[in-house]
Amino acid sequence: MTITFTTEEALEHFHTALCNGLDYISTHGLTLDYEQAHYNEAKESLRLGTCFEDVLIQILKDGHPLVLHDEEDGMDDSTIYIRDVVERMSLVPMRHMMNAINEDDDAETADVILQTIFYQDVIFG
């Protein structure tokens, strides 16, 4: 069974994964990166009081990439654009995707979603 997501649905689940999993993925030696100019541009386009993850989503909506660096294992950087989020969300293992859809997700679910979006697989853990 495959679940197909609209762009809005995929970005919503990715946003939640960013909120719940950015700290968790750092335990794998991974860091998220972006161009500072893209961050500033995205932040300026949003209203005051938006969270960091809102700005990351706006970077994608503006057509710019997010990059995941592997600081420990020497893997190549993984760069994603908004189309990757939409296309790869259906690759998330069903158990974790159902947890996200049913709002029964946690840091592990977020970690699996982030790894799947960036690497098209669960590499760590």
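The text that follows walks through the structure, step by step, so that each part is easy to find. The structure presented is a predicted model; accordingly, all values stated were derived computationally and were not measured.

**Some details on the overall build of the protein chain**
Across its full length, the protein chain holds six helices and three strands. In the protein chain, the order of α-helices and β-strands from amino to carboxyl end is α-β-α-α-β-β-α-α-α. The C-alpha atoms of the protein chain give 14 Å as radius of gyration, which agrees with the globular expectation for 125 residues (14 Å, within 12%). Taken along its principal axes, the extent of the C-alpha atoms in the protein chain is 40 × 35 × 25 Å. Burial analysis of the protein chain (125 residues in total) assigns 45% to the buried set. Carbon and sulfur atoms provide 44% of the accessible area of the protein chain, an area that totals close to 6,900 Å². Distance between charge centroids for the protein chain: 6 Å, based on 6 positive and 26 negative side chains.

**Brief notes about the sheet that holds strand β2 (residues 66-70)**
Backbone-to-backbone hydrogen bonds pair the strands of a sheet. The strands run either parallel or antiparallel. The three strands are arranged β1-β2-β3 in an open sheet whose pairing can be described as antiparallel. What marks the edges here is a single partner per strand, and that holds for β1 (30-33) and β3 (78-80). Each adjacent strand pair in this sheet contributes to an overall mean axis angle of 20 degrees, direction not counted. As paired strands, β2 and β3 are joined by three bridges and run antiparallel to one another. Directly across from L68, in β3, lies its bridge partner S78. Contacting β1, β2 and β3, helix α6 (residues 107-119) runs over the sheet at an angle of about 100 degrees to β2.

**Concerning the pattern of salt bridges**
The full count for this structure, using the stated rule, is two salt bridges. Of the charged contacts in the structure, one is a salt bridge between D84 and R88, with a shortest N-O distance of 3.7 Å. A residue pair is termed a helical-turn pair when its members lie 3 or 4 positions apart in one helix, as D84 and R88 do in helix α4 (residues 82-88) at four residues. Accessibility classification places D84 together with R88 in one group, the buried group. In this structure, E108 engages R95 in a salt bridge whose closest nitrogen and oxygen atoms are separated by 4.0 Å. Of this pair, E108 sits in helix α6 while R95 sits in helix α5 (residues 94-101), placing them 13 residues apart in sequence. The exposure class of R95 is exposed, given its relative accessible area of 54%.

**Re the pairing of β2**
Each regular strand displays side chains that alternate between the two surfaces of the sheet. Of all five residues in β2, five are buried, a share of seventy percent or more. A two-sided burial pattern is seen for β2, the buried positions comprising L66, L68 and D70 on one face and V67 and H69 on the other. Note that β1 and β2 share four bridges and pair antiparallel. Counted as the bridge partner of T31 is H69 from β2.

**Some thoughts on the packing of helix α1 (residues 7-25) against helix α3 (residues 52-61)**
In contact at an axis separation of 9 Å, α1 and α3 are set at 135 degrees when each is read in the N-to-C sense. Relative to α3, the element α1 is oriented oblique. The element α1 and its partner α3 pack so that their crossing is right-handed. Of α3, the residues touching α1 (which contributes L11, F14, H15, L18, C19 and L22) are F52, E53, D54, L56, I57, L60 and K61. Residue classes in the contact of α1 with α3 are distributed as nine nonpolar, one polar and three charged.

What counts and how
- Residues numbered from 1 in each chain as written.
- Predicted model: local features only at pLDDT ≥ 70, side-chain atom pairs only at ≥ 80, totals over all residues.
- Heavy atoms only, no water.
- Helix = DSSP H or I, 4+ residues; strand = E, 2+ residues; numbered from the N terminus.
- Rg over C-alpha atoms; globule rule 2.2 N^0.38 Å.
- Buried < 20%, exposed > 50% of the residue type's maximum accessible area, 1.4 Å probe, protein only.
- Areas by Shrake-Rupley, 256 points an atom, 1.4 Å probe, with all protein chains shown as cover.
- Lys, Arg positive; Asp, Glu negative; His and termini not counted.
- Charge placed at Lys NZ, Arg CZ, Asp CG, Glu CD.
- Pairing = 2+ DSSP bridges.
- Axes fitted to C-alpha atoms, helices over the stretch in contact; angles between N-to-C directions.
- Contact = heavy atoms within 4.5 Å.
- Salt bridge = Lys/Arg side-chain N within 4 Å of Asp/Glu carboxyl O.
- Parallel < 35°, antiparallel > 145°, perpendicular 65-115°, else oblique.
- Left-handed = near helix turned anticlockwise from the far one by under 90°.
- Nonpolar A, V, L, I, M, F, W, Y, C, P; charged D, E, K, R; others polar.

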